[in-house]
Amino acid sequence: MLVFRDNSTLQNHLKNLKNNNKIIGFVPTMGALHNGHLSLVKKSIFQNDLTVVSIFINPTQFDDKTDLEDYPVNIDEDLRLIGEISNDIIVYVPKANDVYGNIVKSENFDLGGLDLVMEGEKREGHFQGVATVVTHFLKTFSPDHAYFGEKDFQQLLIISHITRSLKLKTKVVGCPTIRESNGLAMSSRN
């Protein structure tokens, strides 16, 4: 497993692989990995020559600072879980300034009103933050495929909308929700 902590080094590495016609899959996460995340990684491995997993707790998608501070973090455990799947995975673990530079702020995307209903009604700015970081990753690394769980269906619709409206070449792949034995969708917050 290769772990990168800055995007310029990872970008150079991926550029060499793309020059060799490698098909790249991307699984963006905020860490605190569970079997739902791992199912996305496995699907990416199956469908691509190479898989990149990001572990980045995106500050711009939290409208409550306490919620951000309380988000579970265990990078060593996340890396262990990824390594159990394959040692050929690339993991990107950036700091906020590597993603945003000196100003940590969301961009303002036209999300077609998809961000104004359901979860968006209660979490102002959340989907602008999600769109900002995912767009950054997709533009920076140009993966062929990006994997998202259907558990966050609204997010999946918004990311699909953004990739179409910005004419990004990455194909967004929705994957089935993985559930606990009691039927509850797996979540980092469970």
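Residues numbered from 1 in each chain as written. Predicted model: local features only at pLDDT ≥ 70, side-chain atom pairs only at ≥ 80, totals over all residues. Heavy atoms only, no water.

Caption draft 1: Region of interest: the pattern of salt bridges. Summed over all chains, the structure comprises 5 salt bridges. For R80, the salt bridge identified is with E77, shortest N-O distance 2.6 Å. With R80 and E77 both in helix α4 (residues 75–85) and 3 residues apart, this pair spans about one turn of that helix. For E84, the salt bridge identified is with R80, shortest N-O distance 2.2 Å. In this pair, E84 and R80 both sit in helix α4, 4 residues apart, roughly one turn of the helix. Connected through salt bridges with shared partners, the residues E77, R80 and E84 form a single ionic network. (Salt bridge = Lys/Arg side-chain N within 4 Å of Asp/Glu carboxyl O. Helix = DSSP H or I, 4+ residues; strand = E, 2+ residues; numbered from the N terminus.)

Caption draft 2: Just the pairing of strand β2 (residues 24–29), in detail. Of all 6 residues in β2, 6 are buried; the element is thus mostly enclosed. Of the two faces of β2, the one carrying I24, F26 and P28 and the one carrying G25, V27 and T29 are both buried. As judged from the 6 bridges shared by β2 and strand β3 (residues 50–55), these two strands associate in the parallel manner. What sits directly across from V27, in β3, is V53. Following the chain from β2 across helix α2 (residues 35–47) to the adjacent parallel β3, one finds a crossover that is right-handed. (Buried < 20%, exposed > 50% of the residue type's maximum accessible area, 1.4 Å probe, protein only. Pairing = 2+ DSSP bridges. Right-handed = clockwise from strand over helix to strand, strands pointing away.)

Caption draft 3: Examining the side chain of D115 more closely. By the element assignment, D115 lies in the loop between α5 (96–100) and α6 (119–122). Notably, D115 is buried but unbridged: the nearest opposite-charge side chain belongs to R123, and the N-O separation is 12 Å. (Lys, Arg positive; Asp, Glu negative; His and termini not counted.)

Caption draft 4: Representation of the nonpolar core within the structure. Among the nonpolar cores identified, the biggest contains 25 residues, and L10, L14, I90 and F137 are the most heavily contacted of them. Ranked by residue count, the leading element in this core is helix α7 (residues 126–141), at 6 residues. In contact with I90, other than residues within four places in its own chain, are L2, F4, L10, H13, L14, L17, L50, T51, V52 and V53. Counting 16 residues, the second largest nonpolar core, distinct from the first, contains V27, L38, L81 and V93. (Core = buried A, V, L, I, M, F, W, Y, C linked by side-chain atoms within 4.5 Å. Contact = heavy atoms within 4.5 Å.)

Caption draft 5: Structural detail: the environment of K43. Tracing the chain through its elements places K43 in helix α2. Exposure remark for K43: the relative accessible area of 29% places this residue in the partly exposed category. K43 sits 13 residues away from M30 along the chain, and the two C-alpha atoms are 18 Å apart. Every residue in contact with K43, bar those within four places of it in the chain, is listed here: Y147, V173 and C175.

Caption draft 6: Looking closely at unusual backbone geometry. Here the phi dihedral of A32 falls at roughly 50°; this positive angle occurs in a residue that is not glycine. Tracing the chain through its elements places A32 in the loop between β2 and α2. Judged by its relative accessible area of 16%, A32 falls in the buried class. Within the chain, S142 stands out as a residue other than glycine whose phi angle is a positive 45°. Overall, S142 belongs to the partly exposed group, its relative accessible area being 39%.

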